Amino acid sequence: MDKMSEWPKWQRWSVWLSSWALYVGGVAVLLMFHGFLVQGLALALLCVGLVLLTYSSKAVLNERMRKVDRWYVRVLLPTFVVYMVLMLDVWPMYSRIEAPWLKVIVVLLPLLPLAVVVWAMVRYMARCDELERRQQLEAVGVAAAVVSLVSFALGLLAATKLIAVNGALVLLLIFPALCIVYGVVCAWSKWRWRGR
Amino acid sequence: MKNRVRELREAHGWSQGALAEHLDVSRQTINAIETGKYDPSLPLAFKLARLFKQRIESMFDPDEER
């Protein structure tokens, strides 16, 4: 797979599209079905999709996977699996726990893999080359600006009772929103700078 | 800033990807430098000069814009 960037264009794009299909399929299975085996299958689909997506996203831009990219995938993949298992199987147990201190621990457990993700992102950015760091700085800036503006707008509308906002849900969505906008801007920036 | 990176790379028979591998940077960084869209930092410019066995001022011309 390291040589994927040398494959014919149609093959690279086919792998890229297939990896999205696997990823979306995994999410759909997770949302629609329950049970240990099905969850395992969905997680496997998601993991294969994520690895293929990482490799093929580089390959469609004629880029090879560097040492730092492979390290990033090696750290993120098990962290992602731990996060999903905690969210799907451990987190829902909080309602059955009596002791408040244990409840707090169980509810906050998903923070551990998220902290590893933040550490990995910081380390990855520090080890990227200078143009990639510039792209990431732009992406982080745009993500912070977009999420701040949207949350400020929601805050203004909610304060004047024009809309009803679920505070807990909004707080939960801030981190994923930051990651999604950052990812989209990063992808757009890489596409813009790809050259021939 | 105008530079001779493409000329020197082609003289060595390297692709952008191969040069990127030598310098441990991405191919898009090499492409951006060659097309004058991005000026490399001093450490990267020195790395390029050392790799091609050139003086840095013979590779980069700050007076000419592309």
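Residues numbered from 1 in each chain as written. Chains lettered and ligands numbered in written order. Predicted model: local features only at pLDDT ≥ 70, side-chain atom pairs only at ≥ 80, totals over all residues. Heavy atoms only, no water.

Of regular secondary structure, chain A possesses seven helices and zero strands. Helices and strands appear in chain A in the N-to-C order α-α-α-α-α-α-α. Expressed as lengths along the three principal axes of its C-alpha atoms, the size of chain A is roughly 55 × 45 × 30 Å. Per-residue burial for chain A yields a buried fraction of 32% across its 196 residues. Taking as baseline every contact in chain A between residues at least 6 positions apart, the subset at least 24 positions apart corresponds to 70%. Split by element, the accessible area of chain A, about 12,300 Å² in all, is 75% carbon and sulfur. Side chains of chain A carry 20 positive and 10 negative charges; the gap between the two charge centres is 2 Å. (Helix = DSSP H or I, 4+ residues; strand = E, 2+ residues; numbered from the N terminus. Buried < 20%, exposed > 50% of the residue type's maximum accessible area, 1.4 Å probe, protein only. Contact = heavy atoms within 4.5 Å. Areas by Shrake-Rupley, 256 points an atom, 1.4 Å probe, with all protein chains shown as cover. Lys, Arg positive; Asp, Glu negative; His and termini not counted. Charge placed at Lys NZ, Arg CZ, Asp CG, Glu CD.)

We now examine the side chain of Asp 129 of chain A. Along the chain, Asp 129 of chain A turns up in the loop between helix H5 (111-127) and helix H6 (130-159). At 4.2 Å, Arg 66 of chain A is the nearest oppositely charged side chain to Asp 129 of chain A, a buried residue that forms no salt bridge. Polar contacts involving the side chain of Asp 129 of chain A include one to the side chain of Thr 29 of chain B, which spans 2.8 Å. (Salt bridge = Lys/Arg side-chain N within 4 Å of Asp/Glu carboxyl O. Polar contact = N/O pair within 3.5 Å; in protein donor to acceptor, adjacent residues only side chain to side chain.)

On to the interface of chain A and chain B, then. Accessible area lost when the parts come together is the quantity often used to give the size of an interface. Taken together, the contacts link 16 residues of chain A with 18 residues of chain B. Across the interface of chain A and chain B, roughly 1,400 Å² is buried in total on both sides, 40% from carbon and sulfur atoms. Run the count over chain A and chain B and you get two salt bridges. The partner of Arg 64 of chain A in a salt bridge is Glu 21 of chain B, with the nearest N and O atoms 3.7 Å apart. There are 10 residue pairs in polar contact (both at pLDDT 80 or more) connecting chain A and chain B. By residue number, the principal contributor to the side of chain A that touches chain B is H6 of chain A, which donates five residues. Looking at the side of chain A that touches chain B residue by residue, the classes come out as three nonpolar, three polar and 10 charged. (Buried area = accessible area lost by both parts, 1.4 Å probe. Nonpolar A, V, L, I, M, F, W, Y, C, P; charged D, E, K, R; others polar.)

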